[in-house]
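Take a look at the letters that make up each chain.
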Amino acid sequence: MVDVADKPQTRRIAIAKGTIVMRAETLALIVAGEAKKGDVLGVSRVAAIQAAKRTADLIPLCHPIPITRVAVEFDIRDADCAIDCTATVETLGRTGVEMEALTCVAVGLLTIYDMCKAVDRGMRFESIGLVEKSGGRSGHWRADEGRSQKHG
């Protein structure tokens, strides 16, 4: 692990996003709350939050971080037969929460897959990535139009 002892404690925020694409029938089941395993988005939200809290247990060189907030939002895109998952993770600490936000999104989407795989094994994940981060030595960073930019 990287030594972060000399880094100042700052408020750090990371936002990650990803998408799961599925058949229209699968999306309809989720929206109607008729999936056999239950409330797909509710369970996926809890799984995503739990994953953010357990990232250091999953990624070997991640520091355990005291998370101060995790927010998970799902955006249903009927026209694309897709669900976007956006995670915002915050801490007051010496290292960032990018890995926690990315893990949060990945597990949220994986949980949707798990809960619906009996009806749609062809679901696919797209564009899981960091959208924005702030705090720490590197300052504010945002992904714009597929390019990354560092903002002072």
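Remarks on the packing of aromatic side chains
Alright, step 1. Considering all chains together, one arrives at one aromatic pair under this definition.
Alright, step 2. Their ring planes at 45° and their centres at 6.1 Å tell us that Y113 and F125 sit as a pair that is tilted. Here Y113 is found in helix α4 (residues 98–116), whereas its partner F125 is found in strand β4 (residues 124–134), with 12 residues between them in sequence.
Alright, step 3. Look at Y113 and you get partly exposed, because its relative accessible area is 21%.
Alright, step 4. Here F125 falls in the partly exposed class, since its relative accessible area comes to 35%.

Points about unusual backbone geometry
Alright, step 1. Although it is not a glycine, C81 adopts a positive phi angle of roughly 50°.
Alright, step 2. Tracing the backbone through its elements, the reader meets C81 in the loop between β2 (67–77) and β3 (82–93).

A short note on the layout of surface pockets
Sizing a probe to match a water molecule and rolling it over the atoms shows the empty space that remains.
Alright, step 1. Its volume calculated, the largest pocket comes out at about 190 Å³.
Alright, step 2. Lining the largest pocket are 13 residues, with L61, C62, H63, T95 and G96 sitting closest to its centre.
Alright, step 3. Of the residues in the lining of the largest pocket, the class split is seven nonpolar, three polar and three charged.
Alright, step 4. Approximately 160 Å³ is the volume found for the second largest pocket.
Alright, step 5. Together, L29, E34, A35, K36, K37, D114, M115, C116, K117, A118 and V119 line the second largest pocket.
Alright, step 6. At three residues, α4 tops the list of elements feeding residues into the lining of the second largest pocket.
Alright, step 7. The residue makeup of the lining of the second largest pocket, split by class, is six nonpolar, no polar and five charged.

Considerations on the nonpolar core
Alright, step 1. Residues M22, I30, V40, I83 and I112 are the most contacted members of the largest nonpolar core, which totals 28 residues.
Alright, step 2. Elements with a minimum of two residues in this core: β1 (10–21), α1 (24–32), α2 (40–53), β2, β3 and α4.
Alright, step 3. A total of seven residues in this core trace back to one element, the largest contributor, which is α4.
Alright, step 4. Apart from the residues lying within four places of it in its own chain, the contact partners of M22 are L27, I30, C81, I83, I112, D120 and M123.

Rules used in this analysis
- Residues numbered from 1 in each chain as written.
- Predicted model: local features only at pLDDT ≥ 70, side-chain atom pairs only at ≥ 80, totals over all residues.
- Heavy atoms only, no water.
- Phe/Tyr/Trp six-rings, centres within 6.5 Å; stacked < 30°, edge-to-face > 60°.
- Helix = DSSP H or I, 4+ residues; strand = E, 2+ residues; numbered from the N terminus.
- Buried < 20%, exposed > 50% of the residue type's maximum accessible area, 1.4 Å probe, protein only.
- 1 Å grid on protein atoms, 1.4 Å probe; cavity = no way out; pocket = protein on both sides within 12 Å on 5 of 7 lines; lining within 4 Å.
- Points joined across faces, edges and corners; volume = space filled by probe spheres on them.
- Nonpolar A, V, L, I, M, F, W, Y, C, P; charged D, E, K, R; others polar.
- Core = buried A, V, L, I, M, F, W, Y, C linked by side-chain atoms within 4.5 Å.
- Contact = heavy atoms within 4.5 Å.

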